[in-house]
Amino acid sequence: MTGGGLLVAGTTSDAGKSVVTAGICRWLVRQGVKVAPFKGQNMSLNSFVTREGAEIGRAQAMQAQAARVEPTALMNPVLLKPGSDRSSQVVLMGRPVGELSAKGYHGGRQRELFEPVRACLEELRGTYDAVICEGAGSPAEINLRRTDIVNMGIARAARLPVLVVGDIDRGGVFAQFFGTTALLSPEDQALVAGYLVNKFRGDVSLLEPGLEMLLGLTGRRTFGVLPYAHGLGIDEEDGLRVSLRGAVRESVVAPPVGEDVLRVAVCAVPLMSNFTDVDALAAEPGVVVRFVDRAEELVDADLVVVPGTRGTVKALAWLRERGLADALVRRAAEGRPVLGICGGFQALGEHIEDDVESRAGAVDGLGLLPVRVRFAPEKTLARPVGEALGARVEGYEIHHGVAEVLGGDAFLDGCRVDAVWGTHWHGSLESDDFRRAFLREVAAQAGRRFVPAPDTCFGALREEQLDRLGDLIEEHADTGALMRLIEEGAPAGLPFIPPGAP
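Residues numbered from 1 in each chain as written. Predicted model: local features only at pLDDT ≥ 70, side-chain atom pairs only at ≥ 80, totals over all residues. Heavy atoms only, no water.

### Some details on the overall build of the protein
Then step 1. When you go through the protein residue by residue, the secondary structure sums to 15 helices and 27 strands.
Then step 2. For the protein, whose C-alpha radius of gyration is 23 Å, the value lies close to the compact-globule estimate of 23 Å for 502 residues.
Then step 3. Each principal axis of the C-alpha atoms in the protein carries an extent, and together these give about 70 × 50 × 40 Å.
Then step 4. The buried share among the 502 residues of the protein stands at 59%.
Then step 5. Look at the contacts in the protein between residues 6 or more apart in sequence, and 75% of them connect residues 24 or more apart.
Then step 6. If you sum the accessible surface of the protein, you get close to 19000 Å²; carbon and sulfur atoms cover 50% of it.
Then step 7. A gap of 3 Å separates the mean positions of the 53 positive and 67 negative side-chain charges of the protein. (Helix = DSSP H or I, 4+ residues; strand = E, 2+ residues; numbered from the N terminus. Rg over C-alpha atoms; globule rule 2.2 N^0.38 Å. Buried < 20%, exposed > 50% of the residue type's maximum accessible area, 1.4 Å probe, protein only. Contact = heavy atoms within 4.5 Å. Areas by Shrake-Rupley, 256 points an atom, 1.4 Å probe, with all protein chains shown as cover. Lys, Arg positive; Asp, Glu negative; His and termini not counted. Charge placed at Lys NZ, Arg CZ, Asp CG, Glu CD.)

### Side note on the side chain of asparagine 151
Then step 1. Its location among the elements puts asparagine 151 in the loop between β9 (130-134) and α5 (152-158).
Then step 2. Residue classification places asparagine 151 among the buried positions, given a relative accessible area of 5%.
Then step 3. A polar atom in the side chain of asparagine 151 sits 3.5 Å from the backbone oxygen of serine 138.
Then step 4. Dropping the residues within four chain positions of it, asparagine 151 is found in contact with Leu7, Gly135, Ala136, Ser138 and Pro139. (Polar contact = N/O pair within 3.5 Å; in protein donor to acceptor, adjacent residues only side chain to side chain.)

### A look at the packing of helix α1 (residues 17-30) against helix α15 (residues 479-488)
Then step 1. It is at 12 Å that the axes of α1 and α15 come closest, and there the two elements cross at 95°. The orientation of α1 relative to α15 falls into the category roughly perpendicular. Seen from α1, the contacting residues are Ile24, Trp27 and Leu28; seen from α15, they are Thr479, Leu482, Met483 and Ile486.
Then step 2. Partitioning the contact of α1 with α15 into residue classes produces 6 nonpolar, 1 polar and no charged. (Axes fitted to C-alpha atoms, helices over the stretch in contact; angles between N-to-C directions. Parallel < 35°, antiparallel > 145°, perpendicular 65-115°, else oblique. Nonpolar A, V, L, I, M, F, W, Y, C, P; charged D, E, K, R; others polar.)

### Quick word on the pattern of salt bridges
Then step 1. Tallied over the entire structure, the rule returns 31 salt bridges.
Then step 2. Salt-bridge contacts for arginine 201 lead to aspartate 169; the nearest nitrogen and oxygen are separated by 2.9 Å. On the criterion of sequence distance, the pair formed by arginine 201 in the loop between β11 (192-200) and α8 (208-218) and aspartate 169 in the loop between β10 (162-167) and α6 (173-182) is long-range, its members being 32 residues apart.
Then step 3. According to the relative accessible area criterion, arginine 201 is partly exposed, its value standing at 45%.
Then step 4. Here arginine 294 makes a salt bridge to glutamate 297, at a shortest N to O gap of 3.7 Å.
Then step 5. Residue classification places arginine 294 among the partly exposed positions, given a relative accessible area of 38%.
Then step 6. Through salt bridges with shared partners, a single ionic network connects Arg26, Arg30, Glu463, Asp467, Asp471 and Glu474. (Salt bridge = Lys/Arg side-chain N within 4 Å of Asp/Glu carboxyl O.)

### Considering the sheet that holds strand β6 (residues 78-82)
Then step 1. An order of β3-β6-β7-β8 is seen for the 4 strands of this open sheet, with the pairing classed as mixed. The sheet is open, and its two edges are formed by β3 (41-43) and β8 (95-101), each paired on a single side. Ignoring which end each strand starts from, the neighbouring axes of this sheet average 25° apart.
Then step 2. Examined bridge by bridge, β3 and β6 share 3 bridges and lie parallel to one another. Paired with asparagine 42 across the strands is leucine 79, a residue of β6. (Pairing = 2+ DSSP bridges.)

### Details of the sheet that holds strand β2 (residues 35-38)
Then step 1. Within the open sheet, the 6 strands sit side by side as β2-β9-β1-β10-β11-β12. Their pairing is parallel. Each edge of the open sheet is held by one strand with a lone partner, namely β2 and β12 (221-227). On average, adjacent strands in this sheet sit at an angle of 20° to one another, irrespective of strand direction.
Then step 2. Sheet topology note: the β10/β11 ladder contains 6 bridges and is parallel.

### A closer look at the environment of leucine 7
Then step 1. Positionally, leucine 7 belongs in strand β1 (residues 4-10).
Then step 2. Its relative accessible area of 0% is what places leucine 7 among the buried residues.
Then step 3. With 145 residues separating them along the chain, leucine 7 and methionine 152 place their C-alpha atoms 8.8 Å apart.
Then step 4. Leucine 7 has contacts with Cys133, Glu134, Gly135, Val150, Asn151, Ala155, Leu160, Pro161, Val162 and Leu163, leaving out every residue within four places of it along the chain.

### Examining unusual backbone geometry
Then step 1. A cis amide bond links proline 498 to the next residue, proline 499, at an omega of 15°.
Then step 2. With respect to the element layout, proline 499 can be found in the segment after α15.
Then step 3. One non-glycine residue, arginine 68, lies in positive phi territory at about 60°.
Then step 4. Positive phi values are uncommon outside glycine, yet lysine 199 reaches one of about 65°.
Then step 5. Relative to the helices and strands, lysine 199 resides in strand β11.
Then step 6. For lysine 199, a relative accessible area of 27% corresponds to the partly exposed category.

### What to know about the nonpolar core
Then step 1. Core analysis: the largest hydrophobic core is formed by 75 residues, its most contacted members being Leu6, Ile24, Leu28, Val35, Ile132 and Val162.
Then step 2. The biggest single contributor to this core is α1, with 7 residues.
Then step 3. Ignoring sequence-local partners within four residues, the contact set of valine 35 consists of Cys25, Leu28, Val29, Ala67, Val69, Tyr128, Ala130 and Ile132.
Then step 4. Membership of the second largest hydrophobic core comes to 67 residues, among which are Ala268, Ile341, Leu368 and Val373. (Core = buried A, V, L, I, M, F, W, Y, C linked by side-chain atoms within 4.5 Å.)

### Looking at the pairing of strand β7 (residues 87-92)
Then step 1. Relative to β7, β6 is paired through 5 bridges, and the arrangement is antiparallel. Pairing of leucine 79 across the sheet is with valine 91, part of β7.
Then step 2. Between β6 and β7, which follow one another and run antiparallel, lie 4 residues.
Then step 3. Where β7 meets β8, 6 bridges bridge the pair, whose relative direction is antiparallel.

### What to know about the packing of aromatic side chains
Then step 1. Within the structure shown, the criterion is met by 7 aromatic pairs.
Then step 2. Look at phenylalanine 275 and phenylalanine 291: their rings are 6.0 Å apart centre to centre, the planes differ by 90°, and that puts the pair in the edge-to-face class. Residue phenylalanine 275 is located in the loop between β14 (272-273) and α9 (279-282), and its partner phenylalanine 291 is located in strand β15 (residues 287-292); the two are separated by 16 residues in the primary sequence. In terms of burial, phenylalanine 275 and phenylalanine 291 fall into one category: buried.
Then step 3. Both rings, one in phenylalanine 411 and one in tryptophan 421, keep their centres 5.1 Å apart while their planes meet at 70°; by these two values the pair is edge-to-face. Taken together, the positions of phenylalanine 411 in strand β25 (residues 409-411) and tryptophan 421 in strand β27 (residues 420-423) put the pair 10 residues apart, joining distant regions of the chain. Across the pair, exposure class does not vary: phenylalanine 411 and tryptophan 421 are buried alike.
Then step 4. Above the ring of tyrosine 128, the side-chain terminus of lysine 34 is found at 5.3 Å from the ring centroid. (Phe/Tyr/Trp six-rings, centres within 6.5 Å; stacked < 30°, edge-to-face > 60°. Lys NZ or Arg CZ within 6 Å of the ring centre and 35° of its normal.)

What follows is the structure, given as structure tokens:
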């Protein structure tokens, strides 16, 4: 196979495109196929830094891991990082190039990016046996089709067959499949090869009559029915669309090693970024992680995490409005653990000068750490390696804020004062020895008889999760037909379903 490919589209956002793309990548690489993921344009606050210092969507980094290749900027050439409901930072080939309103982006700038996106895809197709592309939202966004560079626009340019994924758990999946197809132009419909049902619960035989009727209505087959899978814990693409209230991210269901569990509360700040930082905590037996937005929910927490955010000043205002700021100050005074990561670290400091992100100028922080932050126009993108608590630590940095640490004990690039910790490093808790050492410190400070499991390996757990995705494809999709689709493209003669695009 040379330069084969497939576009995984979805009937809706969160239909499962990211995990299906990752699953196909893992299945293919286990067949000996050299495969890479690709998403031309991604809107996400969960991002990652590649080894060459480029910022890409974290979902594409996860898909690259599924494909067992090193992630690069080629795999996600355009990343949009929302700063409000109406504007986003545009990251091109891993570097920020400006802030644009949604109207400004879709009004012209997006089309300017089409050629760089197409060129990245072609470079990948020239290097890999297959490239599995992920779409965004729905391919039937008829208001955006003219400027589309991530769904049917790129499929048409590269002659990619399209597999449409629908989430049956939400209901209405047959109408979604039919309506998505029927709102596309004849030229676009010619590339829609068929469908994949995601998150099915129950007896597949009860679904089969509907799949036969769908075939009769559209002339397109269903390539598989994937069952609902619990506890995958795979990186979310977009924190804006995740329902966080009361969410518990637990990858491992196992009793605590010690006598107590450890309760972690994560403040669900506005424009929260890289909330996947706490996944490594949730992977530990006996650690319960939940997202909170009320001060009373911090009372029984053994550790409170203030995570990264695309809007540090906005997050500070939110913490104060909800009484969470006062609760954090009380915790610090009582010697109860608090961890700030990136924007959360900045919020815990004394003072912020921000003429870049919020343009709010001088703003007081919570004053829990002796740190002053100045926002710089240039974004720091790095993959640091260091040591803390006697253990080696790896992380990645994505921030405009430059921290001047004026005291406390050194902690990675930040500092620690008693039970309050702060760092710009994302991903540090994925370093197993450091995470265990940190949890031992937290348990001692919190007065809990919690003991970290001696053998939890976050990297191994992530590999197990990716293998589960590969298993879902291998066991519940028609892999022979899927391979032919990737190698040969969409079948000829697929019927047109009226009315087509307006």
